[in-house]
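Overview (structure and organization)
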Amino acid sequence: MPAKGFTLIEVLVALGIVAIALMAGLQATGALSNHAQRQVDVLLAQTCAENELIKLRLAKQMPGVGDSVVDCPQAGQTFTVKLVVRPTPNPSFMRVEAQVSTPQYPVLQVMTVLGRY
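Some points on the state of the cysteines
- Per the counting criterion, the structure on display carries one disulfide.
- Between Cys 48 and Cys 72 runs a disulfide, and the two sulfur atoms are separated by 2.1 Å. Negative torsions about the S-S bond denote left-handed disulfides, and the value of about -85° found for Cys 48 with Cys 72 makes this one left-handed. Residue Cys 48 is located in helix 1 (residues 8–58), and its partner Cys 72 is located in strand 1 (residues 66–74); the two are separated by 24 residues in the primary sequence. Per residue, the accessibility class of Cys 48 equals that of Cys 72, and both read buried.

Focus: the nonpolar core
- Grouped together as the largest cluster of nonpolar side chains are 18 residues, with contacts concentrated most on Phe 79, Val 81, Leu 83, Val 96 and Val 100.
- Sorting the residues of this core by element identifies helix 1, strand 2 (77–87), strand 3 (93–101) and strand 4 (106–115) as the ones contributing at least two each.
- The element that contributes the greatest number of residues to this core is helix 1, accounting for six residues.
- Those residues in contact with Val 100 that lie beyond four places of it in its chain are Ala 45, Cys 48, Ala 49, Phe 79, Thr 80, Val 81, Pro 106, Val 107 and Leu 108.

Things to note about helix 1
- For helix 1, built from 51 residues, the straight-helix expectation of 75 Å at 1.5 Å per residue is met to within 8% by its first-to-last C-alpha distance of 75 Å.
- Along helix 1, the residues that are buried comprise Asp 41, Leu 44, Ala 45, Cys 48, Ala 49, Glu 52, Leu 53 and Leu 56.
- Contacts from the buried residues of helix 1 go to strand 1, strand 2, strand 3 and strand 4.
- Lys 60 lies just past helix 1 and shows a positive phi near 55°.

Brief notes about the environment of Gly 66
- Mapped onto the secondary structure, Gly 66 falls in strand 1.
- With 20 residues separating them along the chain, Gly 66 and Arg 86 place their C-alpha atoms 6.7 Å apart.
- Not counting the four nearest positions on each side in its chain, Gly 66 is found in contact with Leu 83, Val 84, Val 85 and Arg 86.

A few points about the pairing of strand 4
- By the bridge criterion, nine bridges tie strand 3 to strand 4 in an arrangement that is antiparallel. Bridge assignment links Phe 93 to a residue of strand 4, and that residue is Gly 115.
- Hairpin connection from strand 3 to strand 4: four residues lie between these consecutive antiparallel strands.

Focus on unusual backbone geometry
- Residue Lys 60 is not a glycine yet carries a positive backbone phi of 55°.
- Counting through the fold element by element, Lys 60 comes out in the loop between helix 1 and strand 1.
- Look at Lys 60 and you get exposed, because its relative accessible area is 58%.
- Located in the positive-phi region is Ala 75, a residue other than glycine, with phi close to 50°.
- Mapping Ala 75 onto the fold places it in the loop between strand 1 and strand 2.

About the thresholds
- Residues numbered from 1 in each chain as written.
- Predicted model: local features only at pLDDT ≥ 70, side-chain atom pairs only at ≥ 80, totals over all residues.
- Heavy atoms only, no water.
- Disulfide = S-S within 2.5 Å.
- Helix = DSSP H or I, 4+ residues; strand = E, 2+ residues; numbered from the N terminus.
- Buried < 20%, exposed > 50% of the residue type's maximum accessible area, 1.4 Å probe, protein only.
- Core = buried A, V, L, I, M, F, W, Y, C linked by side-chain atoms within 4.5 Å.
- Contact = heavy atoms within 4.5 Å.
- Expected span 1.5 Å × (residues − 1).
- Pairing = 2+ DSSP bridges.

And the structure:
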């Protein structure tokens, strides 16, 4: 009468397959979590950049050429917004670039052109 059940080798192979599948699932979950955090950072950084560009537009005067740095607290994080103002070939316009970053890495870069009012 043959023995019923699984051999030790069959059980170990099955455990190995399950372990590999679980590791793949864990990596996918980690990637999704990182992507979600990146989306949150980009959304908050976009708010910071838009706020600074709107401040320039509301000033109703041409910004001075040069660089400036402003801190922007959003949702418990502090972003740094670097505004880079450069002239264009047409003196009625200025090129403005807002570079938003966290202390760890750059997040977003937005460019626009401001004109005289």
